[in-house]
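# Geometric and topological summary
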Amino acid sequence: GKVLEFSKEKRYFRKDGSVVWVNLTVSPMWAPDQDPDYQIAIAVDITQRKKAENALLESEKILNDTGRMAKIGGWEHDLKTGKAVWTQALYDIVEVEGDSPPGVNEHLDYYAPEDRRILEDSYWRCAKEGEPFELELRASTAKGGRLWCRVTGEPVFEAGVCVKLRGTFQDIT
């Protein structure tokens, strides 16, 4: 009487050897002040979802491996929330540990002071006027390494307003 229901994903093998994935939910049924009389089980075929998840994981692995080999990463900054998203390759290039990239303004700290203004002007011109940019700049890594990079950026508009910027960062040293 303590568990009201449980749910788990299970893999079954059909007679022909093929695999079917099922999300199984089981709930005991009973009258008040009595032991459970029986259980109700609902099995939902989630095979297609599992295939899509695996394909997505494989695609992400290929993207990460390609970025690592080409020394190019992707980034996106949400101008509404200030949240940034980076690909794994960008973390690797800039030598940032963890999974929390710098925010919209903090990422500028990685650039050489004389190049920071160039990027900052291009970044905000992109956000305000929708003008994409492609720049070659000097940068530093989180661990003090120096590199030359190619940075691209383009705006993402919703209802005529720029809400995000996204682009690439490539080590061209």
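Note: the structure precedes this text.
Residues numbered from 1 in each chain as written. Predicted model: local features only at pLDDT ≥ 70, side-chain atom pairs only at ≥ 80, totals over all residues. Heavy atoms only, no water.

## Quick look at the sheet that holds strand β2 (residues 19-29)
- Ordered by their spatial adjacency, three strands build an open sheet running β1-β2-β3, and the pairing between neighbours is antiparallel. Both outer strands of the open sheet, β1 (6-13) and β3 (38-45), are each paired with one neighbouring strand and no more. Taken over all neighbouring pairs, the strand axes of this sheet differ in orientation by 30 degrees on average, direction set aside.
- Summarising the sheet, β1 and β2 pair through eight bridges and their orientation is antiparallel. Bridge pairing links Glu-9 to Asn-23 in β2.
- Each of β1, β2 and β3 touches helix α1 (residues 47-70); the most contacted strand, β2, lies at about 125 degrees to it. (Pairing = 2+ DSSP bridges. Helix = DSSP H or I, 4+ residues; strand = E, 2+ residues; numbered from the N terminus. Axes fitted to C-alpha atoms, helices over the stretch in contact; angles between N-to-C directions. Contact = heavy atoms within 4.5 Å.)

## Some remarks on α1
- Across its 24 residues, α1 extends 35 Å between first and last C-alpha, which sits within 8% of the 34 Å expected from 1.5 Å per residue.
- Those residues of α1 that sit buried are Thr-47, Lys-50 and Gly-67.
- The inward-facing, buried residues of α1 abut β1, β2, β3, β4 (72-78) and α2 (88-94). (Expected span 1.5 Å × (residues − 1). Buried < 20%, exposed > 50% of the residue type's maximum accessible area, 1.4 Å probe, protein only.)

## A look at the pairing of β4
- In terms of burial, β4 is largely enclosed, as six of its seven residues are buried.
- Two elements, β4 and strand β8 (residues 161-171), share seven bridges in a ladder whose sense is antiparallel. Paired with Gly-74 across the strands is Thr-168, a residue of β8.
- As defined by bridge partners, β4 adjoins strand β5 (residues 84-86) across three bridges and the pair is classed as antiparallel. Following the sheet pairing, Glu-76 is matched in β5 by Val-85.

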